[in-house]
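Coordinate analysis (summary)
Letter by letter, the chains look like this.
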Amino acid sequence: MAGRIMLKRDSGKLIFATIRDRSGDLQLFISKAAVGDESFASIKKLDLGDWIGANGTVMTTRKGELSVKPERLELLAKAVRPLPDKWHGLNDTDTRFRQRYADLIVNEQARRTFEVRHEIISSFRRTLHEHGFTEVETPVLHVESGGAHARPFTTHHNTLDMQLYLRIALELHLKRLIVGGMERVYEIGRIFRNEGISTRHNPEFTMMELYQAFGDWNDVMEISETLITQAARDAIDTTVITIRGEEIDLAEPWPRIRMVDAVSERLGQQVHPSQPVEELRSLAEAHGIRWEERWGGGKLVEALFEALCEADIVRPTFITGHPTEISPLARADRADPWLTERFEIFVDSRELGNGYSELNDPVEQRRRFEDEQLAKEAGDVEAGTIDEDYLRALEYGMPPTGGLGIGMDRLVMLLADVGSIKEVILFPTLRHEVI
RNA sequence: GCCUUCCUAGCUCAAUGGUAGAGCAGUGGACUUUUAAUCCAUUGGUUCAGGGUUCGAGCCCCUGGGAAGGCACCA
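The rules behind each value
Each residue is numbered by its place in its chain's sequence as written, counting from 1. The lettering of chains begins at A and the numbering of ligands begins at 1, in the order of writing. Local features are withheld for residues below a pLDDT of 70 in this predicted model, meaning they are given only at 70 or higher, and side-chain atom pairs are given and counted only at 80 or more; totals for whole chains, interfaces and linings count all residues. To obtain the side-chain values, all non-hydrogen atoms of the structure were included, while hydrogens and water were left out. Buried Ala, Val, Leu, Ile, Met, Phe, Trp, Tyr and Cys residues that are joined via side-chain atoms within 4.5 Å together make up what is termed a nonpolar core. A 1.4 Å probe rolled over the protein chains alone gives each residue an accessible area, and that area as a share of the maximum for its type sets the label: buried under 20%, exposed over 50%, partly exposed in between. In DSSP terms, a helix is any run of H or I states spanning at least four residues, a strand is any run of E spanning at least two, and both are numbered starting from the N terminus. Distances are taken per atom, and a residue is near a molecule or strand as soon as one of its heavy atoms is within 4 Å of it. Whenever two N or O atoms come within 3.5 Å, that pair is a polar contact, provided that in protein one can donate a hydrogen and the other can accept it, and provided that, for residues adjacent in sequence, both atoms are side-chain atoms. Gly falls in the polar group here, along with every residue not listed as nonpolar (Ala, Val, Leu, Ile, Met, Phe, Trp, Tyr, Cys, Pro) or charged (Asp, Glu, Lys, Arg). Definitions used for this entry: grid spacing 1 Å over protein atoms alone; cavity, a set of points where a 1.4 Å probe fits but cannot get out; pocket, an open set with protein on both sides within 12 Å along at least 5 of 7 lines; lining residue, one with an atom within 4 Å of a point. Grid points are joined across faces, edges and corners, and a volume is the space filled by probe spheres set on the points. The quantity known as pLDDT measures the predictor's confidence residue by residue, on a range of 0 to 100. To obtain the arc, one takes the directions from the helix axis to the C-beta atoms. Contact criterion: two residues are considered in contact whenever any of their non-hydrogen atoms come within 4.5 Å of each other.

**Here's the deal with the nonpolar core**
- The biggest cluster of nonpolar side chains holds 44 residues, and the ones touching the most others in it are I120, F124, M208 and L210.
- Broken down by element, the residue count for this core peaks at 10 residues, all from helix α7 (residues 217–236).

**Looking at the protein's contact with RNA strand B**
- R9, K63, D85, H201 and R410 are the nearest of the 49 residues found near RNA strand B.
- Between RNA strand B and the protein, one listed contact pairs a base nitrogen with a side-chain N or O atom of D85 at 2.5 Å.
- In the environment of RNA strand B, a phosphate oxygen lies 3.0 Å from a nitrogen or oxygen atom belonging to the backbone of D92.
- Put simply, the parts of the chain that give the surface near RNA strand B at least two residues each are β1 (2–10), β2 (14–21), β3 (24–31) and α3 (93–98).
- Each residue belonging to the surface near RNA strand B can be placed in one class, and the counts come to 13 nonpolar, 15 polar and 21 charged.

**Observations concerning empty space enclosed by the protein**
- Under the defined criterion, the tally for this structure stands at one cavity of 30 Å³ or more.
- Every residue lining the largest cavity is listed: V347, D348, R350, L352, R410 and L414.
- Counting only elements with at least two residues in the lining of the largest cavity, the list comes to β19 (350–357) and α13 (408–416).
- Here the residues of the lining of the largest cavity are counted per class, giving three nonpolar, no polar and three charged.

**Focus: the confidence of the model for chain A**
- Scored by pLDDT, chain A comes out at a mean of 93, with 100% of its residues at no less than 70.
- Of all the helices and strands in chain A, α3 carries the lowest mean pLDDT, 90, while strand β6 (residues 134–135) carries the highest, 98.
- Predicted complex metrics record ipTM = 0.89 and pTM = 0.94.

**A closer look at the layout of surface pockets**
- Approximately 470 Å³ is the volume found for the second largest pocket.
- Along the wall of the second largest pocket there are 18 residues; nearest its centre are R20, D21, R22, L104 and R111.
- Elements with a contribution of two residues or more to the lining of the second largest pocket: β1, β2, β3, α4 (100–106) and α5 (108–130).
- With five residues, α5 is the single largest residue contributor to the lining of the second largest pocket.
- When the residues that make up the lining of the second largest pocket are grouped by side-chain class, the tally is seven nonpolar, two polar and nine charged.

**Examining helix α12 (residues 388–395)**
- Taken residue by residue, α12 has Y390, L391, A393 and L394 as its buried positions. Looking straight down α12, one finds its buried side chains confined to an arc of 155°; they lie on one side. Facing away from the buried side of α12 by over 90 degrees, the exposed positions are R392 and E395.
- Elements in contact with the buried residues of α12: α6 (171–179) and α11 (362–377).
- Structurally, the start of α12 carries an N-cap: the backbone nitrogen of D389 is 3.3 Å from a side-chain oxygen of D387.
- Positive phi shows up at G397, right after α12, with a value of about 100°.

Encoded structure:
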């Protein structure tokens with residue numbers, strides 16, 4: 001067997017060493033008599049952190065610990081740097097994130113978190129496979145930056161001499177594949193947003209997006225529950241998690257609340273994006289929201305929701321019926337053109353996912369893009385532009401489709417029960433280290 | 001970008017403005033059944049960097065760097 005020396009207890013002619021590989025810890029019982037004087041002397045010189053290989057027999061010590069008694073022991077790789085404190089581990093977040101290798105060596109918690117991450121992602125792939133979805137890969141380098149409200153990273157291709165954007169969403173390419181007749185596609189991929197860094201935001205993060213032809217928002221809400229509940233079973237062996245001290249069973253149906261109803265209930269008066277914008281502005285002002293001139297009723301309703309309702313959401317909840325104004329790619333509600341057939345999944349006040357019945361009318365989509373373009377020209381740096389190729393795709397005919405996006409990093413945070421996104425990303429974005 | 005807090009040995013942490021320390025790791029020694037082994041001895045410092053105040057600064061002040069949390073933005 002092979003492993004890294006994590007602990008060493010030297011009692012003269014007998015050395016106990018705890019070695020670790022990815023499957024766990026094992027004790028070596030190294031007897032001077034069994035390995036010979038010369039070899040024993042070199043084993044005495046081994047340090048914590050060294051990688052060794054050993055051949056021997058399985059035995060039990062007097063205290064009953066299963067051990068291996070080596071006849072031969074080989075140094076595989078020397079650790080020149082000392083390991084962090086064997087008892088206290090590595091606490092300094094700066095060192096833990098910059099030197100993740102050291103963090104993983106000594107912190108069990110860090111190893112577990114990334115195992116949970118792996119189990120969640122592979123669980124998603126299994127569930128989606130069972131539902132007949134095809135995994136695809138779409139470009140990271142985009143000519144147009146679309147599919148979400150976010151500031152992109154820009155880059156440049158030398159030979160083509162063209163400006164490119166790192167993708168901020170997977171959406172528009174995946175829906176092109178629905179036009180192409182692939183019917184059920186998904187991608188789990190990295191996206192990039194040139195925005196602030198916080199406990200919930202990293203400039204590059206992992207998104208799962210799926211699109212299902214002949215489905216709508218109700219179908220993808222159902223898939224959301226299935227994906228996440230099954231991921232919990234696979235990754236942490238339970239669907240019951242504790243959020244803010246409250247025990248919550250993910251397997252129970254998630255409440256569905258319309259955004260306008262949540263705000264109305266909170267305010268004690270009906271709110272709707274169709275009402276005069278002045279009324280909504282004064283409501284916003286009454287609650288300390290700094291609104292902007294270009295905001296319509298829809299944006300104001302969203303701002304009210306964020307200010308008044310978001311903080312109170314603990315258990316997974318579908319907030320539905322987002323205003324059309326803030327949902328340029330979602331199909332309008334068949335019963336209310338001011339709202340869309342859209343939902344966001346909120347858990348513990350954080351947005352975890354987003355989905356809707358996709359807008360598949362190229363004429364209506366062009367109108368929405370034009371509104372985006374106007375907002376961009378008016379100074380909204382996150383607004384999109386008119387993606388002519390996407391419109392051309394829609395003109396070939398996109399079947400009615402339901403779409404869903406889930407922020408994988410935040411899902412890992414939820415199930416692994418860690419408070420910072422840096423804990424679920426192996427190498428989070430940090431400033432330059434001054435050495 | 002803003003606010004608050006933090007940065008001392010390889011790691012985890014101490015140190016009223018008055019000689020920079022402990023535990024672990026390392027080094028030397030004792031020990032053939034340990035479990036963070038134990039015991040004896042011992043090495044190790046540009047106190048994040050630079051400036052200032054002071055007889056004297058790890059500690060007070062200023063500037064810069066990095067981190068964490070919060071706010072803003074967002075998923």
